Amino acid sequence: MITALTATESCLIIGLESGTILRYNLPYISVEKKLSWKPMPTIIGMNSNGTRLSLIDSQGTLNIMEINSQGGNVLEFEKKDCWAAKWSEDHPLQLCFLEKSKLTTVMNLTCETPLPTDGYICAFNDFKVTYCYLDDIIKSIDENIKFEDVFMEHESDILKNFN
């Protein structure tokens, strides 16, 4: 049974209940790689150049897997109680994730100080994470609300300094 998936223009990644992760070439839909990851993946994300996966299991544990032509290996990175992760659209080593009610940005495997938030990640590019407060949007469904009232941006210091 499929539990998670992600795709780019050139590949499709499917996570199965057994912990198997399948990588398909697109547009031909042929299996390129079969990777093993013991927990069942519930959320999978792929970085901008297709070399890393973010994997969140059913217990909320976030891991990062590096993938290459020989297969994949899980890197020394683990965070608990995570419920969302997003790779930067323009830098393949940058990741942000939500852990409980904190937003954390990562460069390679180095974490920045978490930012308290109850927002949901919308976009991550140019060293900025854009997130929104969905609860406020739903509460204001019949009202005109301003973009800046429900969408916030967080610019990462560690990511800017790394570049």
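Preceding this section is the structure that the text describes.
Everything in this summary refers to the structure shown in the same document. (Residues numbered from 1 in each chain as written. Predicted model: local features only at pLDDT ≥ 70, side-chain atom pairs only at ≥ 80, totals over all residues. Heavy atoms only, no water.)

What about the packing of aromatic side chains?
Here a ring pair, both rings aromatic, is described through the centre-centre distance and the interplanar angle of the planes. Scanning all chains against the criterion turns up two aromatic pairs. When the centroid spacing of 6.2 Å and the interplanar angle of 80° are considered together, the rings of Phe 77 and Phe 97 count as edge-to-face. Of this pair, Phe 77 sits in strand S8 (residues 71-79) while Phe 97 is found in strand S10 (residues 94-99), placing the two residues 20 residues apart along the sequence. Of the two residues, Phe 77 and Phe 97, neither departs from the other in class, the shared state being buried. With a centroid separation of 5.2 Å and 75° between ring planes, the pair formed by Trp 83 and Tyr 120 is classed as edge-to-face. Taken together, the positions of Trp 83 in strand S9 (residues 82-87) and Tyr 120 in strand S14 (residues 120-125) put the pair 37 residues apart, joining distant regions of the chain. (Phe/Tyr/Trp six-rings, centres within 6.5 Å; stacked < 30°, edge-to-face > 60°. Helix = DSSP H or I, 4+ residues; strand = E, 2+ residues; numbered from the N terminus. Buried < 20%, exposed > 50% of the residue type's maximum accessible area, 1.4 Å probe, protein only.)

Things to note about the nonpolar core
In this structure, Ala 4, Cys 11, Ile 13, Ile 21, Leu 35, Trp 37, Ile 44, Met 46, Leu 53, Leu 55, Met 65 and Ile 67 together form the largest nonpolar core, which totals 12 residues. If you list the elements that add at least two residues to this core, you get strand S2 (11-16), strand S5 (41-46), strand S6 (52-57) and strand S7 (62-68). Excluding its chain neighbours within four sequence positions, the residues that come into contact with Leu 53 are Ile 13, Ile 21, Ile 44, Gly 45, Met 46, Asn 63, Ile 64, Met 65, Ile 67 and Trp 87. Within the second largest apolar cluster, 10 residues are counted, among which are Ile 56, Leu 75, Phe 77 and Cys 82. (Core = buried A, V, L, I, M, F, W, Y, C linked by side-chain atoms within 4.5 Å. Contact = heavy atoms within 4.5 Å.)

Let's talk about the layout of surface pockets
There is about 280 Å³ of room inside the largest pocket. Lining the largest pocket are 14 residues; nearest its centre among them are Thr 6, Gly 45, Met 46, Lys 86 and Trp 87. Of all elements in the fold, only strand S1 (2-7), S5 and S9 reach the threshold of two or more residues within the lining of the largest pocket. When residues in the lining of the largest pocket are grouped by element, the largest group, four residues, is from S5. In the lining of the largest pocket, the residues fall into six nonpolar, six polar and two charged. (1 Å grid on protein atoms, 1.4 Å probe; cavity = no way out; pocket = protein on both sides within 12 Å on 5 of 7 lines; lining within 4 Å. Points joined across faces, edges and corners; volume = space filled by probe spheres on them. Nonpolar A, V, L, I, M, F, W, Y, C, P; charged D, E, K, R; others polar.)

Overview of the pattern of salt bridges
Applying the stated criterion to the full structure yields four salt bridges. Of the charged contacts in the structure, one is a salt bridge between Glu 66 and Arg 52, with a shortest N-O distance of 3.5 Å. Taken together, the positions of Glu 66 in strand S7 and Arg 52 in strand S6 put the pair 14 residues apart, joining distant regions of the chain. Residue Glu 66 is classed as partly exposed on the basis of its relative accessible area of 28%. The residue Lys 80 makes a salt bridge to Glu 78 at a minimum N-O spacing of 3.2 Å. A relative accessible area of 46% means that Lys 80 is categorised as partly exposed. (Salt bridge = Lys/Arg side-chain N within 4 Å of Asp/Glu carboxyl O.)

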